[in-house]
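As a plain string of letters, each chain reads:
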Amino acid sequence: MTSKYTKGRFYVLKHAAMIFMFLILAPSLRAQDIVAVETASEIGLDSGNTAWLLTSSLLVLLMSIPGIALFYGGLVRQKNVLSIIMQTLFVVGIVSVLWIAFGYSWAFDTSFAQSGNPLACVIGGFDKAFLRGISIHTLTTGNIPELLFVMFQCMFAIITPALILGAFAERIKFSGYIVFITLWVILAYFPMAHWVWGGGFLQQMGAIDFAGGTVVHINAGISALVMAIMLGKRTDYKIGHPIIPHNVAFVFMGTSFLWLGWFGFNAGSGLAADGLAANAFLVTHVATAMAAITWMVIDWICNKKPTIIGTCTGAVSGLVAITPAAGTVGLLGAFSIGIITPIICFFMVAVIKPKFKYDDALDAFGVHGIGGIVGSVLTGVFATRFISGENGVQGALYGDWHQLLVQIIATIVSIVFSAVVTFILFKIVDATIGLRVDKRVEEEGLDIYEHGESAYNR
């Protein structure tokens, strides 16, 4: 039996050994810490910018799932809500894979331009396919890891095709949709991202698109209009008899996620946690708030009631329009864009759409397409060096009419390119796989026929 004396001796020896090991190893541990600090200092990683871009990437992802899924899902009828959710989920999955495989390289690589490859006018190159040559130590603008920049831009690539869903909701075949949206991302989004953000000709021309007016909203909105026209109206769509949304609370929640996520969308696009990000945050919120109030007032005057759907739609129009301008306009631009945009979008939705009788089911063109066009053009009006810097751009309001011309040209190029690509893809996919569901499927709902599920079960 071990004595108390023996137990005490073992206790002392054990702790003495621990102290001895600590004294021996501590200098080594401290040396490792110093090496780590020196390494971080040498590579110039900015932890503040990195943390902000990590947060921004998550916020932008919130815009697709659950933002778009809830916003569009609430606007459709109960029998089609799951089809919207499934279409959104598919976009998140397929675009993420394509972006890592070659999308990022197409958009942001510069190897084709450096080698004189004629394809440089369309895409950047293949040197960064599957993120070749990018390690955890590779930094990019803002002294953030390039892997983080890859993910941040991936979220933009995801949200763009997700916006198109609203145009052809409740009547598109899922198999045809899969092929169309996959090809659209490759042939419409990746090249446009290169032209505007990756060193392409629109960026070289001086076009301002801080966070996606042309690349995201005009690109998606024009494609949405082409799809809505070519796919045809829903069988029970009648002018003057709107199809009632099945869950207004979903629409509100989706708008809330979009509003929240948009701060990452816009304030993160400067790739730094600085004053420019703070200004983008401020003008995004102000323009959105102003647009929501403006649409509510118009709704109240024209339809005798201020509606939740209308106010939410107004807020989204403000978010869309301030996107290209968030890095170059101040409060004057934010208030002006927040007032002008919902007026034009409301006119498009309430007057132009019924007049021309196209079925843009959830107003993807009327809000995103038109909002993107208005925002892109007004950027050329309200841009100011007070925000863009001493050597930055300024708009027509401050005497630089050239910038307004550049914005108009970039807007027209985006419209034409998106329309042509979408038209061609529609013809190919519709002829080979088919895009419109059968009449019976449309009448009884896509959820059961396309996915074998119902959103609401007793």
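For the structure, see preceding data.
The text that follows walks through the structure, step by step, so that each part is easy to find. Just so we're clear, the structure is a prediction, and the values are computed from it rather than from any experiment.

1. Comments concerning the overall build of the protein
- Looking only at helices and strands, the protein features 17 helices and 2 strands.
- With respect to the principal axes defined by its C-alpha atoms, the protein has extents near 95 × 65 × 50 Å.
- Each of the 458 residues in the protein was classed as buried or not, and the buried ones make up 53%.
- Here the contacts in the protein between residues at least 6 apart in sequence split such that 78% fall between residues at least 24 apart.
- Total accessible area on the protein stands at roughly 20100 Å², and carbon and sulfur atoms take up 70% of it.
- Placing the 25 positive and 25 negative side-chain charges of the protein at their respective mean positions leaves the two points 9 Å apart.

2. Looking at the side chain of Ser-111
- On the secondary structure map, Ser-111 appears in helix α4 (residues 111-115).
- Using a relative accessible area of 11% as the deciding quantity, one classes Ser-111 as buried.
- Within the local environment of Ser-111, its side chain forms a polar contact with the side chain of Asp-109, the two groups lying 2.7 Å apart.
- Not counting residues up to four positions away in its chain, the partners in contact with Ser-111 are Gly-124, Gly-125, Phe-126 and Asp-127.

3. As for helix α10 (residues 275-303)
- In this model α10 runs 41 Å from its N-terminal to its C-terminal C-alpha over 29 residues, within 8% of the 42 Å that 1.5 Å per residue would give.
- Structurally, the start of α10 carries an N-cap: the backbone nitrogen of Leu-276 is 3.2 Å from a side-chain oxygen of Asp-274.
- Where α10 ends, the next residue or the one after it, Lys-304, has phi of about 70°, a positive value.

4. Overview of the packing of helix α12 (residues 331-356) against helix α13 (residues 364-382)
- Packing of α12 against α13 brings their axes to within 9 Å, and their N-to-C directions diverge by 145°. Crossing angle aside, the handedness with which α12 passes α13 is right-handed. Within the contact between the two elements, α12 uses Leu-332, Gly-333, Ser-336, Ile-337, Ile-340, Thr-341, Ile-344, Cys-345, Met-348 and Val-349 and α13 uses Phe-365, Gly-366, Val-367, Ile-370, Gly-371, Val-374, Leu-378 and Phe-382.
- Residue composition of the contact of α12 with α13, by class: 13 nonpolar, 5 polar and no charged.

5. A look at the pattern of salt bridges
- Tallied over the full model, the rule gives 10 salt bridges.
- For Asp-359, the salt bridge identified is with Arg-171, shortest N-O distance 3.7 Å. A residue pair is termed long-range when its members are at least 10 positions apart, and Asp-359 in the loop between α12 and α13 and Arg-171 in the loop between α5 (146-164) and α6 (174-197) qualify at 188 residues. Across the pair, exposure class does not vary: Asp-359 and Arg-171 are buried alike.
- The salt bridge involving Arg-440 is made with Glu-444; its shortest N-O contact spans 3.3 Å. A residue pair is termed a helical-turn pair when its members lie 3 or 4 positions apart in one helix, as Arg-440 and Glu-444 do in helix α16 (residues 439-444) at 4 residues.
- Through salt bridges with shared partners, a single network forms among Arg-77, Glu-170, Arg-171, Arg-234, Asp-236 and Asp-359.

6. Quick look at unusual backbone geometry
- Across the junction of Ile-65 and Pro-66, the peptide omega takes the value 15°, indicating a cis bond.
- Its location among the elements puts Pro-66 in helix α2 (residues 47-75).
- Non-glycine residue Leu-131 carries a positive phi angle of around 60°.
- Within the secondary structure, Leu-131 is located in the loop between α4 and β1 (139-140).
- On the basis of relative accessibility, which here comes to 16%, the residue Leu-131 falls in the buried class.
- Here Glu-170, not a glycine, exhibits a phi torsion of approximately 75°, which is positive.
- If you trace the backbone, Glu-170 turns up in the loop between α5 and α6.

7. Description of the side chain of Arg-77
- Its location among the elements puts Arg-77 in the loop between α2 and α3 (81-108).
- The exposure class assigned to Arg-77 is buried, which follows from its relative accessible area of 16%.
- Ignoring anything within four residues of it in the chain, the contact list for Arg-77 reads Glu-170, Arg-234, Asp-236, Ile-243, Ile-244 and His-246.

8. Structural notes on the environment of Thr-110
- By the secondary structure assignment, Thr-110 is in the loop between α3 and α4.
- Look at Thr-110 and you get partly exposed, because its relative accessible area is 35%.
- Through-space distance from the C-alpha of Thr-110 to that of Gly-199 is 7.5 Å; in sequence the pair is 89 residues apart.
- Polar contacts involving the side chain of Thr-110 include one to the side chain of Gln-114, which spans 3.1 Å.

9. Here we look at the packing of aromatic side chains
- Taken as a whole and judged by the stated rule, the model has 26 aromatic pairs.
- Measuring from centroid to centroid gives 6.3 Å for Trp-99 and Phe-108, while their planes differ by 80°, and the two rings are edge-to-face.
- By relative accessible area, Phe-108 is classed as buried at 13%.
- Aromatic side chains Tyr-189 and Phe-190 sit 6.3 Å apart centroid to centroid with 75° between the ring planes, which places their arrangement in the edge-to-face category.

10. Examining the packing of α2 against α5
- Between α2 and α5, whose axes approach to 9 Å, the crossing angle comes to 15°. As far as their axial angle goes, α5 and α2 are roughly parallel. Classified by chirality, the crossing of α5 by α2 is left-handed. Of the residues in α5, those touching α2 at Thr-50, Leu-53, Leu-54, Ser-56, Ser-57, Val-60, Leu-61, Met-63, Ser-64, Ile-68 and Tyr-72 are Leu-148, Met-151, Phe-152, Met-155, Phe-156, Ile-158, Ile-159, Ala-162 and Leu-163.

11. A closer look at the environment of Ile-178
- Structurally, Ile-178 can be placed in helix α6.
- Considering only alpha carbons, one finds Ile-178 and Val-429, 251 residues apart in sequence, at a separation of 9.9 Å.

Rules used in this analysis
Residues numbered from 1 in each chain as written. Predicted model: local features only at pLDDT ≥ 70, side-chain atom pairs only at ≥ 80, totals over all residues. Heavy atoms only, no water. Helix = DSSP H or I, 4+ residues; strand = E, 2+ residues; numbered from the N terminus. Buried < 20%, exposed > 50% of the residue type's maximum accessible area, 1.4 Å probe, protein only. Contact = heavy atoms within 4.5 Å. Areas by Shrake-Rupley, 256 points an atom, 1.4 Å probe, with all protein chains shown as cover. Lys, Arg positive; Asp, Glu negative; His and termini not counted. Charge placed at Lys NZ, Arg CZ, Asp CG, Glu CD. Polar contact = N/O pair within 3.5 Å; in protein donor to acceptor, adjacent residues only side chain to side chain. Expected span 1.5 Å × (residues − 1). Axes fitted to C-alpha atoms, helices over the stretch in contact; angles between N-to-C directions. Left-handed = near helix turned anticlockwise from the far one by under 90°. Nonpolar A, V, L, I, M, F, W, Y, C, P; charged D, E, K, R; others polar. Salt bridge = Lys/Arg side-chain N within 4 Å of Asp/Glu carboxyl O. Phe/Tyr/Trp six-rings, centres within 6.5 Å; stacked < 30°, edge-to-face > 60°. Parallel < 35°, antiparallel > 145°, perpendicular 65-115°, else oblique.

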